[in-house]
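Each chain, written out:
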Amino acid sequence: MKINRRIFMGNSVIAASTLAAPTVFADGHAKPRVVVIGGGAGGATAARYIAKDSKGKIDVTLVEPSRMYYTCFFSNLYLGGVKSIDDLGHSYGKIAAGGVNVVHDWAVGVDRDSKTVSLASGSSVPYDKLILSPGIDFIDGAVEGWNLSSQNAMPHAYKGGSQTELLKAQIASMPQGGTYAMVAPPNPYRCPPGPYERVSMVAHYLKSNNPTAKIIVADPKPKFSKQGLFQEGWAKHYDGMIEWISSDFGGGNVSVDPNEMTVSIDGETVKVDVCNVIPAMKAGRIAELAGVTEGNFAPVNASDMSTKANADIYVLGDASQQGDMPKSGFSANSQAKVCANAVRGSLTGSKVFPAKFSNTCWSLVHENDGIKVGATYKATAEKIAKVDGFISATNESAELRKATYEESEGWYAGITADMFG
Ligand SMILES: Cc1cc2nc3c(=O)[nH]c(=O)nc-3n(C[C@H](O)[C@H](O)[C@H](O)COP(=O)(O)OP(=O)(O)OC[C@H]3O[C@@H](n4cnc5c(N)ncnc54)[C@H](O)[C@@H]3O)c2cc1C
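A brief look at the structure comes next. (Residues numbered from 1 in each chain as written. Predicted model: local features only at pLDDT ≥ 70, side-chain atom pairs only at ≥ 80, totals over all residues. Heavy atoms only, no water.)

## Comments concerning the pattern of salt bridges
Any two side chains of opposite charge can pair, on the condition that their charged atoms come close.
And step 1. The tally for this structure, following the rule as stated, stands at 17 salt bridges.
And step 2. A salt bridge links R401 to E232, with the shortest nitrogen-to-oxygen separation between them at 3.3 Å. Of this pair, R401 sits in helix α11 (residues 398-420) while E232 sits in helix α8 (residues 227-237), placing them 169 residues apart in sequence.
And step 3. The exposure class of R401 is buried, given its relative accessible area of 6%.
And step 4. Connected via shared salt-bridge partners are E232, D369, E396 and R401. (Salt bridge = Lys/Arg side-chain N within 4 Å of Asp/Glu carboxyl O. Helix = DSSP H or I, 4+ residues; strand = E, 2+ residues; numbered from the N terminus. Buried < 20%, exposed > 50% of the residue type's maximum accessible area, 1.4 Å probe, protein only.)

Put into structure tokens, the structure is as follows:
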């Protein structure tokens, strides 16, 4: 008998069960289920790509508490007065329209035996594959005198949104000739050039609005990303405004007092008007609760971002410990595409391409003065390994710096569309 295609399509579940036994996934479900925790750079990309490329063959649920995601990337440009807060916000509407079940809630636990994620609302979501991209949390006690309850007095502004707005408001309220202090983080942390682009953009704002103000940076590191390029720009655009105290000069010996608004650096106490404390970082807490971290981050296999601890749990972006890639939005997006391809392949048998990764970190030193550092990477048995890289040079022409900034604007538009649709 010839199968009538229209009827076959219309009764696909019955037809499938009579013709061949389908694979049964978690909870007796006919379709494989992927749950993604965290709708940021890594999670939004992974959810969108799996739903888009599997064409309905995989149920994808994205768990994310916020209704709007405010990027940390370009948030320094908002502090510098170059971008508005609205430029940084992205909603989840297009991801939902692309077939992802978007659940606005916190994931509060992972049961690896029953393969379920529990939510703050009390419900739970079953998974066959679980992808975690929860970003970072801060290590308790990393900066003496500071804890999370100090974040209103001394913001970190290292998670997007309200913290960034708070820091901007504090900078705008500084008295003329006042002092902005930054406590920079130790390695490894999200966005290696981020604190130094921030210093540049705060200086850019102050130069026009508060030209006698001072910036002090206490740094637990002896050197930092794109240091020569930043320091060249600071001397050129903001001469005498920025004092960077490295670990060689006691920059790592720091305590703060949020009530008194003081910072002590190597025994010397300074009264400040704004104090931006960026503490040491670890993987977002849910990675720890899922039991996939070792130390502060989650070790992963470079070929697919699956964790060393559990083959059905994957970790992307800042929470992962993967090798040579910096913790950046670009890296998280690149890792998410490799992971999405591998997860889809393992659940539906689709072709899996060899893992390739890339990253570029642009920074803005002054209006139209953009610099960049980047690299390509491959998966080895041990890690994500750097293949080759590039970096801007000192003494570049103003035209090239402007072109580099314009390239970063194009990148922002392209990558946020890739993440959020
Ligand atoms: C000042 C600054 C400048 C930066 N500039 C750049 C740049 O120019 N280029 C670049 O590429 N990168 C930049 N970055 C880095 C970039 O923001 C991060 O590396 C990137 O966001 C990491 O992506 P992620 O998916 O790991 O985490 P995130 O993007 O932080 O996403 C994590 C998401 O998980 C959610 N979440 C956390 N816990 C839970 C839970 N339990 N349940 C449900 N949801 C949860 C959070 O709400 C959040 O939305 C910058 C960062 C900063 C701070």
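## Overview of empty space enclosed by the protein
And step 1. Counted according to the given criterion, the structure contains one cavity of 30 Å³ or more.
And step 2. Roughly 60 Å³ of internal volume is contained in the largest cavity.
And step 3. If you go around the largest cavity, the residues you meet are F74, L77, E197, W362, S363, L364, G370, I371, T404, Y405 and S408.
And step 4. Of all the elements in the fold, those that place two or more residues in the lining of the largest cavity are β22 (356-366), β23 (369-379) and α11.
And step 5. Each residue belonging to the lining of the largest cavity can be placed in one class, and the counts come to six nonpolar, four polar and one charged. (1 Å grid on protein atoms, 1.4 Å probe; cavity = no way out; pocket = protein on both sides within 12 Å on 5 of 7 lines; lining within 4 Å. Points joined across faces, edges and corners; volume = space filled by probe spheres on them. Nonpolar A, V, L, I, M, F, W, Y, C, P; charged D, E, K, R; others polar.)

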